[in-house]
Amino acid sequence: MGFNEENPNSHNSLDTLDNARLSRTERLMDFLFTDVDPDSSSLPLAAYCYMTGFIDSVTFTAVSVWCGFQTVHINFLPHCLSRVVNLALAVARLFAMSDVPGRHFRLIDQQSLASILTFLGGAFLGRIGDHMGNRTRAWLFLGTFIQALFTMVASILLFKAGQSSFNTHGPTWTEPLGFAALGFASASMGLQGIMGKRVNTQFATTIVLTTVWCELMAEPKLFRASLVRSRDLKVIAVASLFVGGFAGRALVDKFGDSVTFAIGAGIRVIIALMWLWVPKKRQSENEDGVKEITPPEE
């Protein structure tokens, strides 16, 4: 065989190899951008509820701020905003009122305002899911991994700040690094909330369980001895939050806030991996033989 003569078998082998590579890529993309089954998402969503209690126990221990429960912080906003306006108009007047109880921009007001603003910023990041697919494995993995990064950043900032969660000499997390750590923790909860809401299950947002409590108490089959999915998932959500709060508080007592957040970041990486193993959304056939996607549970 001459040097210039082409071997047709080699071309066939290359084409087969290219097709195999393309097929693997297509299968991977199809796997990542397939919607998960909400009915099979109970484990990662219960872990979300666990992280709500976990993170909130740390921030509340340190600064009495629930970074996952922002309703209470709304009560501070009128005072905070009015004080900011006064600061812009007359700094001297603000200082003159600093000795009057309740008439100055208190530290708890500042921390609450920082928490709610960063919470909203994290929730806004959840709109990335509108472009990737709110229930796709790719977005649920990526979004949860971003939550882990935010939690890890909060851990590093608290380590650098060196302020204990149990500051007996006065308020803690008062330095800029402490405020930034609170902000990243709140942003992680905001992102978690919007992602949990878009999955649309009995776990609701996974961060504010007031509605879940009310629905649980109003459940018609509350006292039925047999398994009731709608009731049991609500119980799991509440129990997961309680266990997470207990674990977070215990870890803060033992290791401090920075290490506790680092552990929380590791747990969130595990949750991100969980989403890759959730089955795809089930399909059923109608009378015409056309496959229909089963709607999510309300």
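Quick caveat, the model's predicted, so the values are computed rather than measured. (Residues numbered from 1 in each chain as written. Predicted model: local features only at pLDDT ≥ 70, side-chain atom pairs only at ≥ 80, totals over all residues. Heavy atoms only, no water.)

(A) Fine view of the overall build of the protein chain. Counting its regular elements, the protein chain contains twelve helices and two strands. For the protein chain, the sequential pattern of α-helices and β-strands runs α-α-α-α-α-α-α-α-α-α-α-α-β-β. For the protein chain, the residues scored as buried account for 41% of the 298 residues in total. The long-range fraction of contacts in the protein chain, counting pairs at least 24 apart against all pairs at least 6 apart in sequence, stands at 75%. Working note: accessible area of the protein chain is about 16,300 Å², and carbon and sulfur atoms make up 65% of it. (Helix = DSSP H or I, 4+ residues; strand = E, 2+ residues; numbered from the N terminus. Buried < 20%, exposed > 50% of the residue type's maximum accessible area, 1.4 Å probe, protein only. Contact = heavy atoms within 4.5 Å. Areas by Shrake-Rupley, 256 points an atom, 1.4 Å probe, with all protein chains shown as cover.)

(B) Spotlight on helix α2 (residues 42-63). For α2, with 22 residues, the first-to-last C-alpha span of 32 Å sits near the 32 Å given by 1.5 Å per residue. Within α2, 19 of the 22 residues are buried, which leaves the element mostly enclosed by the surrounding structure. Following α2 by one or two positions, S64 has its phi on the positive side, about 60 degrees. (Expected span 1.5 Å × (residues − 1).)

(C) Structural context of the packing of aromatic side chains. Tallied over the entire structure, the rule returns six aromatic pairs. Each ring, one from F60 and one from W66, has its centre 4.2 Å from the other, and the planes form 20 degrees; the classification is stacked. Here the basic side chain of R137 rests over the ring of F31, its NZ or CZ set 4.2 Å away from the ring centre. (Phe/Tyr/Trp six-rings, centres within 6.5 Å; stacked < 30°, edge-to-face > 60°. Lys NZ or Arg CZ within 6 Å of the ring centre and 35° of its normal.)

(D) Molecular detail of the environment of F31. Turning to its location among the elements, F31 is positioned in helix α1 (residues 8-32). Residue F31 is classed as partly exposed on the basis of its relative accessible area, which comes to 34%. Ignoring anything within four residues of it in the chain, the contact list for F31 reads R137 and L276.

(E) A look at a nonpolar patch on the surface. A cluster of nonpolar side chains, namely F145, L149, V269 and L273, defines an oily patch on the protein surface of about 310 Å² accessible area. Mapped by element, the contributors of at least two residues to the nonpolar patch are α8 (137-161) and α12 (257-275). On the secondary structure map, V269 appears in helix α12. (Patch = residues over 30% accessible without salt bridge, like charges linked within 9 Å, V, L, I, M, F, W, Y side chains within 5 Å. Salt bridge = Lys/Arg side-chain N within 4 Å of Asp/Glu carboxyl O.)

(F) Representation of the packing of α2 against helix α9 (residues 176-199). Packing of α2 against α9 brings their axes to within 11 Å, and their N-to-C directions diverge by 155 degrees. In terms of orientation, α2 lies roughly antiparallel with respect to α9. Viewed along their axes, α2 and α9 form a crossing whose handedness is left-handed. The residues of α9 that touch α2, namely those facing L45, Y48, C49, M51, T52, I55, T59 and V63, are L182, A185, M189, Q192, M195, G196 and V199. Looking at the contact of α2 with α9, its residues break down into eleven nonpolar, four polar and no charged. (Axes fitted to C-alpha atoms, helices over the stretch in contact; angles between N-to-C directions. Parallel < 35°, antiparallel > 145°, perpendicular 65-115°, else oblique. Left-handed = near helix turned anticlockwise from the far one by under 90°. Nonpolar A, V, L, I, M, F, W, Y, C, P; charged D, E, K, R; others polar.)

(G) Structural view of the packing of α2 against helix α11 (residues 229-255). Look at α2 against α11: their axes get within 7 Å of each other, and the N-to-C directions meet at 35 degrees. In this structure, α2 meets α11 at a crossing whose hand is right-handed. Of the residues belonging to the contact of α2 with α11, the class tally is 13 nonpolar, nine polar and two charged.

(H) Seen up close, the environment of T210. Secondary-structure assignment places T210 in helix α10 (residues 210-217). On the accessibility criterion, T210 (46% relative accessible area) is partly exposed. Each C-alpha atom, one on T210 and one on F69, is 9.9 Å from the other, the two residues being 141 residues apart in sequence.

(I) Layout of the pattern of salt bridges. In total, this model carries six salt bridges according to the counting rule given. For the salt bridge of R127 with D130, the shortest nitrogen-to-oxygen distance reads 3.8 Å. A relative accessible area of 38% places D130 in the partly exposed class. Salt bridges sharing partners connect three or more residues here, namely R127, D130 and R198.

(J) Molecular detail of unusual backbone geometry. Non-glycine residue S64 carries a positive phi angle of around 60 degrees. Among the structural elements, S64 can be located in the loop between α2 and α3 (71-74). By relative accessible area, S64 is classed as partly exposed at 45%. In the Ramachandran plot, N200 falls in the positive-phi region, its phi being about 65 degrees despite a non-glycine side chain.

No statement about biological role is implied by the geometric values presented.
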